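What the coordinates show
One letter stands for each residue in the lines below.
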Amino acid sequence: MRLATWNVNSIRSRADRVAAWLERSDVDVVALQETKCRDDQFPEMMFNAIGYEVAHVGHSQWNGVAILSRVGIEDVEIGFPGMPSWSSKEGLDPAPEARALGATCGGVRVWSLYVPNGRTLADPHLQYKLQWLEALRTTAADWLAADPAAQVALVGDWNIAPENDDVWDITVFSHSTHVSPPERAAFRGVVEAGYADVVRPYTPGPGVYTYWDYTQLRFPRREGMRIDFVLGSPALQARVTGARIDREERKGKGASDHAPVIVELA
């Protein structure tokens, strides 16, 4: 089984490219983030035509997560238990955002996650991010406590670079989100709850990234960040036989600013 995650940065802008990549890469399940569309706008029929079932949650032109599978989609769940809500405007009641979608695909419980960005160290959105990650850690730990043999994949855009090697120049980010001690501690909390980074052993750094900003020639200058991860439960980790980051898919006209991350399961 081949499992992937990819922040596509607007599925409607890149549907043709994603479909072509799926056929070329022979991926069985892909979790998508930042689809940036409502459910009724998702180009589901295009993916059905090449053999993939689709689960998606999106409310507007922001956020949005999906799972595409050719090995079945069962028990679809929007949001995880305890997931915090957010209000983008003062005076509006907080509401759940389209940032987490779970489904069982080929026996693996896959969660497509788009972790909040945090914006700046002084922004309330950072506290929302930390609360969101703590809720995920608690719930994910509960899943393993209930079933230690569960095959669970927490995959997506985590908006955190857990190690200094995961950014092209740590001094540039020293006063920014994504690398702050509380964010890194939140990421470690999920790992310590029983979920291993199953990609890093096959793609060690430094200089190995999954995201490159569109501006300032970041991609050709190899100035990126590693913020997209596949964290696996012990039972899933035991099945991993390889992993890679498809940097080639960041190239060319119409590319997302993220590259797909692919894991091979025995």
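Refer to the preceding data block for the structure.
Not measured: the values here are computed from a predicted model. (Residues numbered from 1 in each chain as written. Predicted model: local features only at pLDDT ≥ 70, side-chain atom pairs only at ≥ 80, totals over all residues. Heavy atoms only, no water.)

On to the side chain of S87. Within the element layout of this structure, S87 appears in the loop between β5 (74-78) and β6 (100-105). At a separation of 2.7 Å, a polar atom in the side chain of S87 contacts the main-chain carbonyl oxygen of L92. Each residue touching S87, except ones within four places of it in the same chain, is listed here: L92, D93 and P94. (Helix = DSSP H or I, 4+ residues; strand = E, 2+ residues; numbered from the N terminus. Polar contact = N/O pair within 3.5 Å; in protein donor to acceptor, adjacent residues only side chain to side chain. Contact = heavy atoms within 4.5 Å.)

The next point concerns the environment of G242. Inspection of the secondary structure assignment puts G242 in strand β11 (residues 240-245). The exposure class of G242 is buried, given its relative accessible area of 10%. A C-alpha to C-alpha distance of 17 Å links G242 and Q151, two positions 91 residues apart in sequence. Not counting residues within four places of it along the chain, the set of residues in contact with G242 comprises Y202, I262, V263 and E264. (Buried < 20%, exposed > 50% of the residue type's maximum accessible area, 1.4 Å probe, protein only.)

Relative to the assigned elements, M1 resides in the segment before β1 (2-7). Taking relative accessible area as the criterion, M1 reaches 23% and is therefore assigned partly exposed. When the C-alpha positions of M1 and V263 are compared, they lie 8.5 Å apart, and in sequence the two are 262 residues distant. Setting aside anything within four residues of it in sequence, one finds M1 in contact with D28, V29, V71, C105, G106, V108, R239, V263, E264 and L265.

Glancing now at the sheet that holds β1. An order of β3-β4-β2-β1-β12-β11 is seen for the six strands of this open sheet, with the pairing classed as mixed. Each edge of the open sheet carries a strand with a single partner, namely β3 (53-57) and β11. Along the sheet, successive strands turn relative to each other by an average axial angle of 15°, direction set aside. The sheet contact formed by strand β2 (residues 29-33) and strand β4 (residues 65-69) spans five bridges and is antiparallel. Each bridged residue has a counterpart across the sheet, and for Q33 the counterpart in β4 is V65. Across the sheet, helix α1 (residues 11-25) touches β1, β2, β4 and β12 (261-265), and the angle it forms with β1 is around 160°. (Pairing = 2+ DSSP bridges. Axes fitted to C-alpha atoms, helices over the stretch in contact; angles between N-to-C directions.)

With that settled, consider the nonpolar core. Judged by nonpolar contacts, the single largest core of 32 residues is most densely connected at I67, V110, V155, V199, V230 and V263. At the level of elements, β2, β3, β4, β6, β7 (108-114), β8 (152-157), β11 and β12 are the ones that each hand at least two residues to this core. In contact with V110, other than residues within four places in its own chain, are L3, V29, I67, L101, G102, A103, A153 and V155. (Core = buried A, V, L, I, M, F, W, Y, C linked by side-chain atoms within 4.5 Å.)

Our focus in this paragraph is unusual backbone geometry. Cis geometry marks the peptide bond from G205 to P206; its omega dihedral reads 5°. You can see P206 is positioned in the loop between β9 (196-197) and β10 (228-232). Residue H178 is not a glycine yet carries a positive backbone phi of 80°. Here H178 shows up in the loop between β8 and α4 (181-192). The backbone of L217 sits at a positive phi, close to 55°, despite the residue not being glycine. Residue position: L217 is located in the loop between β9 and β10. Among the residues examined, L217 registers a relative accessible area of 58% and is labelled exposed.

Attention shifts here to the pattern of salt bridges. All chains considered together, the criterion is met by 18 salt bridges. Where salt bridges share partners, they join R2, D26, D28, R70 and E264 into one cluster. (Salt bridge = Lys/Arg side-chain N within 4 Å of Asp/Glu carboxyl O.)

Per the stated rule, a full pass over the model turns up nine aromatic pairs. Between F80 and W132 the ring centres are 5.0 Å apart and the planes differ by 80°, which places this aromatic pair in the edge-to-face class. Of this pair, F80 sits in the loop between β5 and β6 while W132 sits in helix α3 (residues 124-146), and the two are 52 residues apart along the sequence. The buried category is assigned to F80, whose relative accessible area is 4%. For W132, a relative accessible area of 0% corresponds to the buried category. For the pair W212 and F219, a centre-to-centre distance of 5.0 Å together with 90° between the ring planes defines the contact as edge-to-face. When its relative accessible area of 2% is taken as the criterion, W212 is described as buried. An aromatic cluster is defined as three or more aromatic residues linked by ring pairs; in this entry it consists of F80, W111, W132 and W143. (Phe/Tyr/Trp six-rings, centres within 6.5 Å; stacked < 30°, edge-to-face > 60°.)

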